[in-house]
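Structural overview
Chain by chain, the residues:
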Amino acid sequence: MKLEVREIRKSFGDKEILHGISFEVENGKALGLLGRNGAGKTTTIRVLMDVFRANSGEILMDGRKFIPKEYKIGYLPEERGLYPMKKVLEQMVYLANLRGMGQREAKESGKAWLERMGIGEYAERKLETLSKGNQQKVQLAQTLICNPDIIILDEPFSGLDPVNSQILKDVVKEQIALGRLVIFSSHQMNYVEEFCEEIAIINHGQIVLNGNLREIKRSYGENRLTISAANYQPDVLEEKLEKEFSDIVKVVKKKKDYLILEGVCKGAKKRLLEMLAASDIDLEQTGNYEPSLNDIFVMKAGDEA
Ligand SMILES: Nc1ncnc2c1ncn2[C@@H]1O[C@H](COP(=O)(O)OP(=O)(O)OP(=O)(O)O)[C@@H](O)[C@H]1O
């Protein structure tokens, strides 16, 4: 399965919110849709789910117009839609019935998912009597009850503590391994980093970065290296490097224990190491620099941060 989102534009009134959003995602992979508050992630997902109609652009599945109701989709919307006064399992079964699942199958699957989420004991309780995090897990169980082929999660980690986040991470990883097509929106980079092969960063309704996360990281780290010295603190080392090696490298960032350098000439890394060996700098650590997704996100979407 390959989902292609092409040049989606969406306006509310005369204000255009999405200015030509494009990205692709295949089954067996997860796409992390990233962006700051108000960037347009939820609007994109709603267009994808046919909640909103785009002003222009198209969405294709395997080359054909994508019609959500033709697929088994597990969609966890940003606004959570369960009934607070109803019993947990009862409403899960009811909603699964509406999605075309038989009573017995829905009950079995619902129970199994609640167990998987570690909340099997709450099946007969009213939803509103559960903690916020446990209600969130019920939502997730409900999203997955019909064994969807496409899973779309809008900020699934909100309200979950680290233990519950881990359960969800494991579940998402399992679903990816089972060959599901997974899209999820978030501004929590560490989760995205753990299981998304592909990312698309939206900023002000535009895709500012899209592609394979590993390749993106590699390209951002190219020509950069980290360095620390046993005999100089980073700020002194920075001064020294700027004074003595400014024709080879420049310091791009000073961290607590090390510096991040960028080459400014051809073969900078090799030349620097040769020069360092001949200097009084006692090299403690050096290596290729690989930015975190957070660093990349701040670079691409941190304009008003
Ligand atoms: N129904 C609507 N009518 C008018 N404006 C809307 C509507 N829905 C969203 N918007 C606007 O579209 C922009 C993008 O909102 P959206 O919810 O897609 O952002 P988001 O990236 O999901 O943000 P967050 O991380 O805060 O959830 C915002 O400026 C929002 O106010």
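For the protein chain, an unreviewed UniProt entry supplies the name ATP-binding cassette domain-containing protein and the organism Lientehia hominis. Taken from UniProt, the Sequence similarities (unreviewed entry) comment for the protein chain reads in full: "Belongs to the ABC transporter superfamily."

1. Focus on the side chain of Glu-262
For Glu-262, the position within the fold is in strand S13 (residues 259-263). What makes Glu-262 buried here is its relative accessible area of 18%. Only 2.8 Å separates the side chain of Glu-262 from the side chain of Arg-224, close enough to count as a polar contact. Sequence-distant contacts of Glu-262, that is, excluding residues within four places in its chain, are made with Asn-223, Arg-224, Ile-248, Val-249, Lys-250 and Val-252.

2. What to know about the packing of helix H2 (residues 88-98) against helix H3 (residues 103-116)
Where H2 meets H3, the axes come as close as 9 Å, and the angle between the chain directions of the two elements is 130°. Taken together, the axes of H2 and H3 are oblique relative to one another. For the pair H2 and H3, the sense of crossing is right-handed. For the pair H2 and H3, contact is made by Val-88, Leu-89, Met-92, Val-93, Ala-96 and Asn-97 and by Gln-103, Ala-106, Lys-107, Gly-110, Lys-111 and Leu-114, respectively. Looking at the contact of H2 with H3 residue by residue, the class counts come to seven nonpolar, three polar and two charged.

3. Here's the deal with the environment of Asn-55
Tracing the backbone through its elements, the reader meets Asn-55 in the loop between helix H1 (41-48) and strand S4 (56-61). Here the alpha-carbon distance between Asn-55 and Ile-8, two residues 47 residues apart in the chain, equals 7.5 Å. Dropping the residues within four chain positions of it, Asn-55 is found in contact with Arg-9, Lys-10 and Ser-11. A distance of 2.7 Å separates a polar atom in the side chain of Asn-55 from the backbone nitrogen of Ser-11.

4. Quick notes on unusual backbone geometry
One non-glycine residue with positive phi stands out, namely Asp-50, at about 70°. Secondary-structure assignment places Asp-50 in the loop between H1 and S4. Note on Asp-50: relative accessible area 52%, which makes it exposed. Positive phi, close to 45°, is recorded for His-204, a residue that is not glycine. Tracing the backbone shows His-204 in the loop between strand S9 (198-203) and strand S10 (206-212). On the accessibility criterion, His-204 (44% relative accessible area) is partly exposed.

Conventions adopted
Residues numbered from 1 in each chain as written. Predicted model: local features only at pLDDT ≥ 70, side-chain atom pairs only at ≥ 80, totals over all residues. Heavy atoms only, no water. UniProt positions renumbered as here; feature names shortened; annotations may be inferred. Helix = DSSP H or I, 4+ residues; strand = E, 2+ residues; numbered from the N terminus. Buried < 20%, exposed > 50% of the residue type's maximum accessible area, 1.4 Å probe, protein only. Polar contact = N/O pair within 3.5 Å; in protein donor to acceptor, adjacent residues only side chain to side chain. Contact = heavy atoms within 4.5 Å. Axes fitted to C-alpha atoms, helices over the stretch in contact; angles between N-to-C directions. Parallel < 35°, antiparallel > 145°, perpendicular 65-115°, else oblique. Left-handed = near helix turned anticlockwise from the far one by under 90°. Nonpolar A, V, L, I, M, F, W, Y, C, P; charged D, E, K, R; others polar.

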